[in-house]
Amino acid sequence: MSKRIFNFSAGPAVLPEPVLRKAQEAIWDADGSGIGIMEHSHRGKVFDRVRDEAEQACRDLAAIPDDYRVLFLQGGASLQFSMVPMNLLPAEGTADYLLTGVWAQKAVKEAKILGAKVHIAASGESTNFDRIPGAAEIGYSERPAYVHLTTNNTIYGTQWRSEPSVPAGVPLVADTSSDMYSRPIDVPRYGLIYAGAQKNLGPSGVVLVIIRHDLVEAGPKTLPTMLQYRTHAAEQSLYNTPPTFGVYVMGEVFKWIQAQGGLAAMAEHNESKARLLYDFIDQSDFFRGTAQPGSRSFMNVCFRAPTEELENKFVSEATRRGLDGLKGHRNAGGMRASIYNACPREAVETLVEFMKEFERANRAAARA
Ligand SMILES: *Cc1c(COP(=O)(O)O)cnc(C)c1O
């Protein structure tokens, strides 16, 4: 078996090794059925069990109440940018968005395409999205149909530490694509939670949606069938062929998180990995973090070196050392280490060692 390297990619991203091993076997033969997991009918017993177990593990992890539906959809988190306003925003209504980065901007763009009224309740754009707005900076509209936030800003490396308060009775809708199940999540505080799987939960091609049952029925029946939440809720995500392999892997990732001790243990593990990296960056006079300390993400750590030239050198030397995927997003520049659930502590320790070495070797060049 060939050797694996440390993968800091923002997404698709690292998956837990035991899950990959198990999936390898299941691709060949699922559950001793003589048929691989990707070859099973989505209407058969084997997949039924896979889907049920995935939903159950998902529910158990966050103690999801019975009045919430768990859906496995397609179209990426990006289709949710459209499905949310299509289903939850009446023609005369207004939706409030907390603008904390590129993904939030894209969500706003889709709501506007539908002709919806969008109110920006807070924006970090003037400081290049380097922080999460404080409570005093948030101003909601009169009666928003919902408030939308992005819990973790994958590109700028900022993360909400807790949910903002919203006006009474207004559903909070969250794009949790890059930090879902990286820490406990208080589901009853939300009306709808969605996450593309490919950062923390599984392979690309499947989106997890957790939606309160009254919101399932909020969408107009004039929408295309596939774009109504009720279609998928009524059919246990089996209205059409679901992304069966993605659902399988996601279920195995949920079980793996359970085996790690659940969401609280995951949070502890993630925070301690992130601290290792931020502590090093903070004492360094060579590297600097780009997100404001109080807004820092425990998932995506963004940092800069003194010059772009040194940043390019850093990324290419790191790659040669088996530390892959560290180039920052083009909107943010610099470097980004994505250290999701499945990223082992050893990867972060190795990265910090490399950063120390790089700093020592290039300090003179930085001063020149
Ligand atoms: C990656 C990402 C998306 C886009 O997800 P797709 O599944 O590619 O559509 C949306 N929101 C956030 C926060 C992301 O990190």
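Below or above, wherever it landed, is the structure these notes cover. A quick note: this is a predicted structure, and the numbers were derived from the prediction, not measured.

### Considering the pattern of salt bridges
With the rule as written, the count across this model stands at 21 salt bridges. In this structure, D31 engages R49 in a salt bridge whose closest nitrogen and oxygen atoms are separated by 3.0 Å. Linking D31 in the loop between α1 (17-28) and α2 (45-62) with R49 in helix α2, this pair joins segments that are 18 residues apart in sequence. With a relative accessible area of 53%, D31 lands in the exposed category. As a salt-bridge pair, R304 and E311 come within 2.7 Å of each other at their nearest N and O atoms. A single burial state applies to R304 and to E311, both of which are buried. Three or more residues are tied together by salt bridges with common partners; here these are K22, D31, R49, E53, E252 and K255.

### Quick word on the site of the ligand
Around the ligand sit 13 residues, and of these S78, T154, D175, Q198 and K199 come closest. Side-chain polar atom of S78 to an oxygen atom of the ligand: 2.6 Å apart, as the coordinates give it. Side-chain polar atom of Q198 to an oxygen atom of the ligand: 2.9 Å apart, as the coordinates give it. For the ligand, the accessible surface in isolation is 390 Å², of which the surrounding protein chains cover 87%. In terms of residue count, helix α3 (residues 76-88) provides more of the shell around the ligand than any other element does, 4 residues in total. Of the residues belonging to the shell around the ligand, the class tally is 3 nonpolar, 8 polar and 2 charged.

### Considerations on the nonpolar core
If you look at soluble globular proteins, the nonpolar side chains tend to sit buried side by side. Core analysis: the largest hydrophobic core is formed by 52 residues, its most contacted members being I64, M180, Y181, L201, L208, I210 and F254. Setting aside chain neighbours within four positions, we find Y181 in contact with C58, L61, A62, I64, L201, I210, F254, I257, L263, M266 and N341. Counting residues in hydrophobic clusters, the runner-up holds 34 residues, among them L89, A107, A111 and Y156.

### Observations regarding the environment of D186
On the secondary structure map, D186 appears in the loop between β8 (172-175) and β9 (192-196). For the pair D186 and A218, spaced 32 residues apart in sequence, the C-alpha to C-alpha distance is 22 Å.

Reading the values: the criteria
Residue positions are counted from 1 within each chain, in the order its sequence is given. Where totals are concerned, whole chains, interfaces and linings use all residues; where local detail is concerned, this predicted model gives features only for residues with pLDDT of at least 70, and gives and counts side-chain atom pairs only at 80 or more. Only heavy atoms go into the side-chain values, all of them from the structure, while hydrogens and water stay out. The salt bridge definition used is simple: a Lys or Arg side-chain nitrogen within 4 Å of an Asp or Glu carboxyl oxygen. Numbering of helices and strands runs from the N terminus, with a helix taken as a DSSP run of H or I at least four residues long and a strand as a DSSP run of E at least two residues long. Burial classes: relative accessible area under 20% of the type maximum marks a residue as buried, over 50% as exposed, and values in between as partly exposed (1.4 Å probe, protein chains only). Near residues are defined by distance, with any heavy atom within 4 Å of the molecule or strand qualifying the residue. We call two N or O atoms a polar contact when they sit within 3.5 Å, provided that within protein one can donate a hydrogen and the other can accept it, with sequence-adjacent residues counted only if both atoms are side-chain atoms. Only the protein chains shown count as cover for residues, with accessible areas throughout obtained via the Shrake-Rupley method and a probe of 1.4 Å. Three classes are used: nonpolar for Ala, Val, Leu, Ile, Met, Phe, Trp, Tyr, Cys and Pro, charged for Asp, Glu, Lys and Arg, and polar for all others, with Gly counted as polar. In this text, buried Ala, Val, Leu, Ile, Met, Phe, Trp, Tyr and Cys residues form a nonpolar core when linked through side-chain atoms within 4.5 Å. Should any heavy atoms of two residues lie within 4.5 Å, those residues are counted as being in contact.

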